[in-house]
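What the coordinates show
In case you want the letters, here they are:
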Amino acid sequence: MRVGVDIGGMSIKIGLVDDSKKIVAKKVIPTQSDVLPAEGVVANIADAIITLLEENNLAVEQCESIGVACPGTVDGRTGVVLYSNNIRWEDVPMLDILREKLPVPMFLANDADAAALAEVIAGAAKDKENAVLLTLGTGVGGGVIINGKIFTGPLRGGCELGHMVIRHGGKPCTCGRRGCFEVYASATALMELARETAVAHPESLMNTMADGDVCKIDGRIVFDAEKAGDKAAKLVVEQYEEDLSVGIANVINMFRPEVIILGGGVSAQEKYLTDALQEKVNGMCYGGFICEVAPIVTSELKNDAGIIGAAYLS
Ligand SMILES: [Zn+2]
């Protein structure tokens, strides 16, 4: 049995994962990084792991490994979370603190990397060894799997796919540059564009669906309004898919993965989104159909990907 830990801004999910890569037991605790020092959060994780093992009649020694998936920049070799904007951590020696209570092999990875690994070993890319996962959430996270292993490059901060520029001189990004992929392709970007468009088009169905409160417009409302034939929503979806396609085509040109997997809230649109993207991306990739273009699919493991990927880190 292995343990996978998936740290999020609001909650931390901890799961027992068996040899068939299925979660057999799960525990969710609040992150509380706004009120606790990092050491306190990690101590809570250790306690929750111990409780979860006990509840399932397992001794710590019966646990093969513990893996942690954390948002932000991490150093897997030293087990240190270097910087995580979401949970406001800097230089947290995550694995050293955990090891004091749990003497088992331990691993640490970025959450998008862990999720990508999970999709390759047990999800949407199960029969593949080379895949790229893009998570469309607050930002755009990227996980690259090459020959069945997470690829981050030898130096810190590699494979930040959300920060490739797709519009030179475009909108400012939190990283300090302008025109980054995530400024246009994140779920946040979709909602911002939708809200601006809804204000400019008071007749839009998006306003009706949000009860006249633009703040209530989310990704689902945009797509629902577009499917119902709303012109303003169509403008939003068209623009969003165009920007997302540019980034996906760039990723394909760089890595030529066997599959592109989309995760995050927007991926709930499944084939409705991926079919439209595929058509655009096919026309943007280098070499056209002379070179193969990866199919674009949505995540299979969804919210469980982080736990399963973390449990199978090595
Ligand atoms: Zn950026």
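It should be emphasised that the depicted structure is a prediction, and the values quoted were computed from it without experimental measurement. (Residues numbered from 1 in each chain as written. Predicted model: local features only at pLDDT ≥ 70, side-chain atom pairs only at ≥ 80, totals over all residues. Heavy atoms only, no water.)

1. With respect to the overall build of the chain
- Along the backbone of the chain there are ten helices and 13 strands.
- Seen through its principal axes, the chain has C-alpha atoms that stretch 60 × 50 × 35 Å.
- Scored against the burial criterion, the 314 residues of the chain give a buried share of 52%.
- Residue pairs in contact within the chain that sit at least 24 positions apart in sequence constitute 61% of those at least 6 positions apart.
- Accessible area for the chain stands at about 14,500 Å²; split by element, carbon and sulfur atoms hold 52% of it.
- A gap of 2 Å separates the mean positions of the 28 positive and 42 negative side-chain charges of the chain. (Helix = DSSP H or I, 4+ residues; strand = E, 2+ residues; numbered from the N terminus. Buried < 20%, exposed > 50% of the residue type's maximum accessible area, 1.4 Å probe, protein only. Contact = heavy atoms within 4.5 Å. Areas by Shrake-Rupley, 256 points an atom, 1.4 Å probe, with all protein chains shown as cover. Lys, Arg positive; Asp, Glu negative; His and termini not counted. Charge placed at Lys NZ, Arg CZ, Asp CG, Glu CD.)

2. Overview of the sheet that holds strand 12 (residues 259-263)
- Taken in spatial order, the five strands line up as 11-10-9-12-13 in an open sheet, and their pairing is mixed. The two strands at the open ends of the sheet, each matched to only one other strand, are strand 11 (149-150) and strand 13 (296-298). (Pairing = 2+ DSSP bridges.)

3. Regarding the nonpolar core
- Within the largest apolar cluster, 46 residues are counted, with the highest numbers of intra-cluster contacts made by L134, M206, I248 and I260.
- Contributing elements (two or more residues each) for this core: strand 9 (131-136), strand 10 (140-146), helix 4 (181-185), helix 5 (187-200), helix 7 (219-227), helix 8 (231-255), strand 12 and helix 9 (270-282).
- Among the elements that line this core, the one with the most residues is helix 8, at ten residues.
- Judged by nonpolar contacts, the second largest core, of 35 residues, contains V41, I45, I49 and I97. (Core = buried A, V, L, I, M, F, W, Y, C linked by side-chain atoms within 4.5 Å.)

4. What to know about the domain arrangement of the chain
- One can read the domain layout of the chain as domain 1 (2-118 + 304-311) and domain 2 (127-298).
- Averaged C-alpha coordinates put domain 1 and domain 2 at centres separated by 28 Å.
- Contacts between domain 1 and domain 2 engage eleven residues on the former and 14 residues on the latter.
- Both faces combined, the contact of domain 1 with domain 2 buries some 910 Å², and carbon together with sulfur accounts for 64% of it.
- The interface formed by domain 1 and domain 2 holds one salt bridge in total. (Domains from an automatic or database assignment. Buried area = accessible area lost by both parts, 1.4 Å probe. Salt bridge = Lys/Arg side-chain N within 4 Å of Asp/Glu carboxyl O.)

5. A closer look at the coordination of the zinc ion
- Around the zinc ion, the protein contributes the donor atoms H163 (ND1), C173 (SG), C175 (SG) and C180 (SG), which lie 2.0 to 2.3 Å from the metal centre.
- The sequence pattern formed by the donor residues of the zinc ion is H-x9-C-x1-C-x4-C.
- Relative accessible area serves as the criterion here: at 11%, C173 is assigned to the buried category. (Donors = N, O, S within 2.8 Å, 3.2 Å for Na, K, Ca; no water.)

6. Focus on the side chain of E226
- The topology assignment puts E226 in helix 7.
- Despite its burial, E226 remains without a salt bridge, the nearest opposite charge being carried by K234 at 4.4 Å.

7. Re the side chain of E119
- Structurally, E119 can be placed in helix 3 (residues 111-122).
- For E119, the side chain forms a polar contact with the main-chain nitrogen of L301, separated by 3.2 Å.
- In this view, E119 contacts A124, A125, K126, L133, I261, S299, E300, L301, K302 and A305; residues no more than four positions away in its chain are not counted. (Polar contact = N/O pair within 3.5 Å; in protein donor to acceptor, adjacent residues only side chain to side chain.)

8. A few points about the sheet that holds strand 7 (residues 89-92)
- Ordered by their spatial adjacency, three strands build an open sheet running 5-6-7, and the pairing between neighbours is antiparallel. Edge positions in the open sheet fall to strand 5 (73-75) and strand 7, since each of these has one partner strand only. Within this sheet the neighbouring strands show an average axis-to-axis angle of 15°, counted without direction.
- Judged from the three bridges that link them, strand 5 and strand 6 (residues 80-84) form a sheet pairing that is antiparallel. Directly across from D75, in strand 6, lies its bridge partner V80. (Axes fitted to C-alpha atoms, helices over the stretch in contact; angles between N-to-C directions.)

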